[in-house]
Amino acid sequence: MLRDSSPQFREAGGNAERRRLALMLRAAIMRGDFPEGKLPREFEIMRDYDVSRAVVRDVLQQLKETGVVSRTHGVGTHADIGSVFGLYEFHGVDVIPEQSTYPRVVDRTIIPTPPVAKERMPEAGPQVLRVEYLAAPADYASAVSTNYFALPKAASLETAPFGHNIYQFLHNGGLRLSSSEFLIGAMLADQSVATRLSVLPGSPLLSLEQVMYDEDGVALSFSTVALRADRVAFFSRVGRSDGGDALRPLNESAVPDLGFG
């Protein structure tokens, strides 16, 4: 067996076993491999992954401490993780995603157009409609989304009911999209974001920026989103179209709807 002999990259065997098992179990949880979110019993994990009981217990404890699973004596280990969104569907161009983000609107205000919003939406006027909502299925928020809509194009959104996600909100305001774009990155929670999302300062978060374009291809909105990295993931699958070289998104509907929180 060929191993990397570089001293700085050597890893104790026990640590490698724990790392690999944790990542595999997390991957299985994120894809909904366990019926009703119930993980196998310890001896089954030992057998299926060829690891010791000590490794299994350490890994399950690590997953519990990081909020991936919950463990109850006499009941077992259950997945405790958030949503998986199909990234293509989540653009909201061809269809309104069925999956709810459990939105709770906390702000809907007309404000002077911020410079960054103007940069993303060059044809926006001197004012924009700011709509901010929390993704909050329980007693905490798993994401906070601040959205700036160009006026007067999006004036109908001042009074439109929000619905189960932002694309339903646009539909309720009589607006349709021709395209949208995402920039997905990572960030550490500062004090204000940490307080809003009920995490510790310095906790890893996903950051998301989105620009949505109306039917004429004009930028309609600019959004900034901070998401708890332990509560959301994005799934995308691309394949070649029949008989050609072009790539196309494939069906993502098989991704489980786990719900936020």
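Residues numbered from 1 in each chain as written. Predicted model: local features only at pLDDT ≥ 70, side-chain atom pairs only at ≥ 80, totals over all residues. Heavy atoms only, no water.

What about unusual backbone geometry?
Between Leu 151 and the following residue, Pro 152, the backbone shows a cis peptide bond with an omega angle of 10 degrees. By secondary structure assignment, the location of Pro 152 is in the loop between β6 (143–150) and α6 (166–172). At Ser 198, a position not held by glycine, the phi torsion is positive, near 60 degrees. With respect to the helices and strands, Ser 198 occurs in the loop between α7 (191–197) and β8 (204–214). (Helix = DSSP H or I, 4+ residues; strand = E, 2+ residues; numbered from the N terminus.)

Section: the pattern of salt bridges
Using the criterion set out here, one finds ten salt bridges in the structure. One salt bridge in this structure joins Asp 48 and Arg 47, with 3.0 Å as the shortest N-O distance. Exposure remark for Asp 48: the relative accessible area of 48% places this residue in the partly exposed category. Each of Glu 42, Arg 53, Arg 57 and Arg 71 takes part in salt bridges that share partners, so that together they form one network. (Salt bridge = Lys/Arg side-chain N within 4 Å of Asp/Glu carboxyl O. Buried < 20%, exposed > 50% of the residue type's maximum accessible area, 1.4 Å probe, protein only.)

Quick look at the sheet that holds strand β7 (residues 177–188)
Overall, antiparallel pairing links the six strands, which are arranged β4-β5-β6-β9-β8-β7 in an open sheet. A single partner strand is all that each edge strand has here, and the edge strands are β4 (103–112) and β7. On average, each strand axis in the sheet is tilted by 15 degrees relative to the strand beside it, whichever way the strands run. (Pairing = 2+ DSSP bridges. Axes fitted to C-alpha atoms, helices over the stretch in contact; angles between N-to-C directions.)

Observations regarding the pairing of strand β5 (residues 127–135)
Summarising the sheet, β4 and β5 pair through nine bridges and their orientation is antiparallel. Of the residues in β5, the one forming a bridge with Arg 104 is Leu 134. Where β5 lies against β6, eight bridges are found, and the strand directions are antiparallel. Paired with Leu 129 across the two strands is Phe 149, which belongs to β6.

Observations concerning the nonpolar core
In terms of nonpolar packing, the biggest core is built from 26 residues, with Phe 149, Leu 157, Ile 166, Tyr 167, Phe 169, Leu 170 and Leu 227 touching the most fellow members. Listing elements by their share of this core, those giving two or more residues are β5, β6, α6, β7, β8 and β9 (219–228). When residues no more than four places from it in sequence are discounted, the contact partners of Leu 157 are Arg 108, Leu 129, Phe 149, Phe 169, Leu 170, Gly 173 and Leu 175. (Core = buried A, V, L, I, M, F, W, Y, C linked by side-chain atoms within 4.5 Å. Contact = heavy atoms within 4.5 Å.)

Things to note about the environment of Pro 204
Structurally, Pro 204 is set in strand β8. When the C-alpha atoms of Pro 204 and Asp 230 are compared, they prove to be 8.7 Å apart, with 26 residues separating the residues in sequence. Dropping the residues within four chain positions of it, Pro 204 is found in contact with Met 187, Leu 188 and Ala 229.

Some thoughts on the packing of aromatic side chains
Summed over the entire model, instances satisfying the criterion amount to four aromatic pairs. Ring centres of Phe 162 and Phe 169 lie 4.6 Å apart, and the angle between their planes is 20 degrees; this geometry places the pair in the stacked category. Judged on exposure class, the residue Phe 162 and its partner Phe 169 are both buried. In this structure an aromatic cluster arises from ring pairing among Tyr 133, Phe 149, Phe 162 and Phe 169. (Phe/Tyr/Trp six-rings, centres within 6.5 Å; stacked < 30°, edge-to-face > 60°.)

Overview of the environment of Leu 60
Locating Leu 60 in the fold gives a position in helix α3 (residues 53–65). Given a relative accessible area of 2%, Leu 60 falls into the buried group. Taking the C-alpha atoms as reference points, Leu 60 and Ser 70, separated by ten residues in sequence, lie 9.0 Å from one another. Leu 60 has contacts with Leu 25, Leu 39, Glu 42, Ile 45, Val 69, Arg 71 and Thr 77, leaving out every residue within four places of it along the chain.

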